[in-house]
Amino acid sequence: MKLFAKNTASGFWACILFMIVSCFFIYFGIQVLILAFSLKEPIPFILTFFSSNFIILISLALLVGFSFRIVHNVKQKNSGAEKDKSDGDGG
């Protein structure tokens, strides 16, 4: 079974699950970013600041990618249903 099979319920729910996990990591990255500003030393601040931004960047990219995948699959499924409906008219 493919995890991201097109137009299947399991692929849809896998994308939803990964979007929720991605939102958690966005929240975690924001918390690390807030923590970075409480550091007194410059080197740990720079390392923590850039690592938190990296976590947020990757999580946002994954969130956007999974949401585009869901929108694309829903549009493809709807266009397939409309095509089947128009083929069945007989006119």
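Residue numbers run consecutively from 1 along every chain, following the written order of its sequence. Local features in this predicted model are restricted to residues whose pLDDT is 70 or higher, and side-chain atom pairs enter the listing and the counts only when it is 80 or higher, whereas totals over whole chains, interfaces and linings include all residues. Note: side-chain values were computed over all heavy atoms of the structure, leaving out hydrogens and water.

With respect to the nonpolar core
Here's step 1: Cys 15, Met 19, Ile 26, Leu 63, Phe 66 and Ile 70 form the largest nonpolar core, which has six residues in total.
Here's step 2: Counting residues per element, the ones that place at least two in this core are helix 1 (9-36) and helix 2 (42-87).
Here's step 3: In what follows, residue pairs with any heavy atoms lying within 4.5 Å of each other are defined as contacts. With sequence-adjacent residues up to four places away left out, Ile 70 is seen in contact with Phe 12, Cys 15, Ile 16 and Met 19. To define a nonpolar core, start from buried Ala, Val, Leu, Ile, Met, Phe, Trp, Tyr and Cys residues and group those joined through side-chain atoms within 4.5 Å. Only protein chains enter the accessibility calculation, which uses a 1.4 Å probe. A residue is then buried if its area is under 20% of the maximum for its type, exposed if over 50%, and partly exposed in between. Segments assigned H or I by DSSP are reported as helices when at least four residues long, segments assigned E as strands when at least two residues long, and all are numbered from the N terminus.

Section: the side chain of Ser 59
Here's step 1: Following the sequence through the fold, Ser 59 ends up in helix 2.
Here's step 2: In this structure Ser 59 comes out as buried when scored by relative accessible area, which is 6%.
Here's step 3: Once residues lying within four places of it in the same chain are set aside, the contact partners of Ser 59 are Ser 22, Phe 25 and Ile 26.

A word on the packing of aromatic side chains
Given two aromatic rings, their pairing is described by the distance between the two centres and the angle made by the two planes.
Here's step 1: Two aromatic rings, drawn from Phe, Tyr or Trp (for Trp, its six-membered ring), form a pair once their centres lie within 6.5 Å of each other, and the interplanar angle then sorts them: stacked below 30 degrees, edge-to-face above 60, tilted otherwise. Taken as a whole, this structure holds seven aromatic pairs when the rule is applied.
Here's step 2: Ring geometry for Phe 18 and Phe 66: centres 5.5 Å apart, planes at 20°, overall stacked. Placement of Phe 18 in helix 1 and of Phe 66 in helix 2 is noted, with a sequence separation of 48 residues between them.
Here's step 3: In this structure Phe 18 comes out as partly exposed when scored by relative accessible area, which is 31%.
Here's step 4: Judged by relative accessible area, Phe 66 falls into the buried class, the value being 15%.
Here's step 5: With 5.5 Å between their ring centres and 75° between their planes, Phe 49 and Phe 50 make a pair best called edge-to-face.
Here's step 6: Grouping aromatic residues by their ring pairs yields a cluster made of Phe 37, Phe 45, Phe 49 and Phe 50.

Purely spatial values, then, with no claim about function.
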